[in-house]
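Listed below are the residues making up each chain.
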Amino acid sequence: MTEEIVGRHAEVEVDGSPMAVYLARPARGGRLPVVLVGAELWGLTAEVRAVVDRVAALGYVAVVANLYHRCGPETAAGLAESDENRARAFDLLGTLTRDGVEADLRAAVAFAREQGEGGDTTGALGFSLGGHITYFAATRLDLDAAAIFYPGWLPVAGTALSIPDPLLAHTSSIAERGTRLLLLLAERDHVIDAEQRAAIDAALAQAGADYELVVYPSAQHAYFFPGRPVHDAAAAADSWQRVTELFAATLGAVTDEFPAPASS
């Protein structure tokens, strides 16, 4: 059984700039764990807002933020997928900084707690660029769990938050915080090849991180979302089951289908 949810759009000021956020939570009252959702390259699209709703239906306060807000209010609704918009999106991507994104994520969590009755327990979930952002969040924020779908640009410097050095170089911070990670990767990913997957696995193992890394045979980058040629229904279903079980085991407030673990 999933929860009845309520969603709302809002603006949160960060560094003097209005940052659009979308928040959803169960209609019932009471404080619940917060889950940060990281959007793809395209920003705050209907697809990522649907993921926020889906997370909220599991029994959490879910929130996604427009990390491009410093580039103007026209970025608030996200970009439609097209070659022209891809170039625009990479321009926007190039404006992100580690300190700026950290401020945005902290502001989103604070909003979820103050305006959405979010509790102190926090998880994160992200896709592609959002997976990259979620990995970054795990190096800077105190997260109980993070589910990371096909995160690009972790082992190589020069793109997104792998500036000035690869984001993967900061993996020890994740282990030190004790965040449990779930990485969901695709065998035929044109962004994250086998060599990069091996580098991610090795870095996490060397750091002593608490993690599980799953590679879906024959799946491609962006396999999760229906309606795309690369969609893999079986991989998407298994991924979501794993995400649901991860959050049930770590965040502590879930639906009847996945009750919170009994305290020892």
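Residues numbered from 1 in each chain as written. Predicted model: local features only at pLDDT ≥ 70, side-chain atom pairs only at ≥ 80, totals over all residues. Heavy atoms only, no water.

Asker: Sorry, what's going on with the side chain of serine 128 here?
Answerer: Here serine 128 lies in the loop between β5 (118-127) and α4 (129-140). You can call serine 128 buried: its relative accessible area is 13%. A polar atom in the side chain of serine 128 sits 2.8 Å from the side chain of histidine 221. With near-sequence residues (within four places) excluded, serine 128 lies in contact with Glu40, Phe149, Tyr150, Pro151, Gly152 and His221. (Helix = DSSP H or I, 4+ residues; strand = E, 2+ residues; numbered from the N terminus. Buried < 20%, exposed > 50% of the residue type's maximum accessible area, 1.4 Å probe, protein only. Polar contact = N/O pair within 3.5 Å; in protein donor to acceptor, adjacent residues only side chain to side chain. Contact = heavy atoms within 4.5 Å.)

Asker: Just to check I follow, could you spell out the nonpolar core for this structure?
Answerer: Across soluble globular proteins, you tend to see nonpolar side chains buried next to one another. Leu125, Tyr135, Tyr223 and Phe247 are the most contacted members of the largest nonpolar core, which has 91 residues in total. Among the elements that line this core, the one with the most residues is helix α3 (residues 98-115), at seven residues. Ignoring anything within four residues of it in the chain, the contact list for leucine 125 reads Val35, Leu36, Val37, Gly38, Val51, Val55, Thr134, Ala147, Phe149, Trp240, Val243 and Phe247. (Core = buried A, V, L, I, M, F, W, Y, C linked by side-chain atoms within 4.5 Å.)

Asker: I'm lost on the UniProt feature "domain: Dienelactone hydrolase" (unreviewed entry) in the protein in this one. Help?
Answerer: When the UniProt feature table is mapped onto this chain, "domain: Dienelactone hydrolase" (unreviewed entry) is found at residues 19-249. With 39% helix and 21% strand, residues 19-249 has its two end C-alpha atoms placed 31 Å apart. (UniProt positions renumbered as here; feature names shortened; annotations may be inferred.)

Asker: Help me understand α4, please; the structure alone is not making it clear to me.
Answerer: Three or four residues apart is the spacing at which side chains of an α-helix point the same way, because the helix has 3.6 residues per turn. Taking 1.5 Å as the rise per residue, α4 with twelve residues should run 16 Å; its terminal C-alpha atoms sit 17 Å apart, in good agreement. Burial analysis of α4 places eleven of its twelve residues in the buried class, the great majority of the element. All buried positions along α4 are accounted for by Leu129, Gly130, Gly131, His132, Ile133, Thr134, Tyr135, Phe136, Ala137, Ala138 and Thr139. (Expected span 1.5 Å × (residues − 1).)

Asker: Help me understand the pattern of salt bridges in this model?
Answerer: Proximity of charged atoms lets side chains of opposite charge pair with each other. Taken as a whole and assessed by the stated rule, the structure comprises 15 salt bridges. As a salt-bridge pair, aspartate 15 and arginine 70 come within 2.9 Å of each other at their nearest N and O atoms. Taken together, the residues span a long stretch of sequence, with aspartate 15 in the loop between β1 (5-14) and β2 (17-26) and arginine 70 in the loop between β4 (61-65) and α2 (83-93) at a distance of 55 residues. The partly exposed category is assigned to arginine 70, whose relative accessible area is 39%. For glutamate 47, the salt bridge goes to arginine 228, with nearest N and O atoms at 2.6 Å. Here glutamate 47, found in helix α1 (residues 46-56), pairs with arginine 228, found in the loop between β8 (210-216) and α7 (233-250); they are 181 residues apart in sequence, far enough to count as distant. The partly exposed category is assigned to glutamate 47, whose relative accessible area is 27%. A single network of salt bridges, built from pairs that share partners, joins Glu40, Glu47, Glu81 and Arg228. (Salt bridge = Lys/Arg side-chain N within 4 Å of Asp/Glu carboxyl O.)

Asker: How should I be thinking about the packing of α3 against α4 in this particular structure?
Answerer: When two helices pack together, you describe them by how their axes are tilted relative to each other and by the distance separating the axes. It is the contact of α3 with α4, at a shortest axis distance of 11 Å, that shows an interaxial angle of 85°. Between α3 and α4, the angle is such that the two are roughly perpendicular. Between α3 and α4, the contacting residues are Arg98, Asp99, Val101, Glu102, Leu105 and Arg106 on the first element and Ile133, Phe136, Ala137 and Arg140 on the second. Its residues assigned to classes, the contact of α3 with α4 comprises five nonpolar, no polar and five charged. (Axes fitted to C-alpha atoms, helices over the stretch in contact; angles between N-to-C directions. Parallel < 35°, antiparallel > 145°, perpendicular 65-115°, else oblique. Nonpolar A, V, L, I, M, F, W, Y, C, P; charged D, E, K, R; others polar.)

Asker: What should I look at first to understand the sheet that holds β4 in this one?
Answerer: Note on sheets: strands pair through backbone hydrogen bonds, and any given pair is parallel or antiparallel. On the basis of which strands lie adjacent, the open sheet formed by eight strands has the order β1-β2-β4-β3-β5-β6-β7-β8 and mixed pairing. Each edge of the open sheet carries a strand with a single partner, namely β1 and β8. Here the strands of the sheet are splayed against their neighbours by 20° on average, with no regard to which way each runs. Sheet analysis places strand β6 (residues 145-149) next to strand β7 (residues 180-186), joined by five bridges and oriented parallel. Following the sheet pairing, alanine 147 is matched in β7 by leucine 182. (Pairing = 2+ DSSP bridges.)

Asker: Before we go on, may I ask you to explain the pairing of β8 in this structure?
Answerer: When a strand is regular, its side chains alternate between the sheet's two faces. Note: β7 against β8, seven bridges, orientation parallel. Across the sheet, leucine 184 pairs through a bridge with valine 214, a residue of β8. Note on the crossover from β7 through helix α6 (residues 194-207) to β8: the handedness is right-handed. (Right-handed = clockwise from strand over helix to strand, strands pointing away.)

Asker: Whenever I open this one, the side chain of threonine 134 confuses me. Can you help?
Answerer: Within the element layout of this structure, threonine 134 appears in helix α4. Taking the relative accessible area as the measure of exposure, threonine 134 reaches 3% and is therefore buried. The contact partners of threonine 134, leaving out residues within four places of it in the chain, are Ala124, Leu125, Gly126, Ala146, Ala147 and Ile148.

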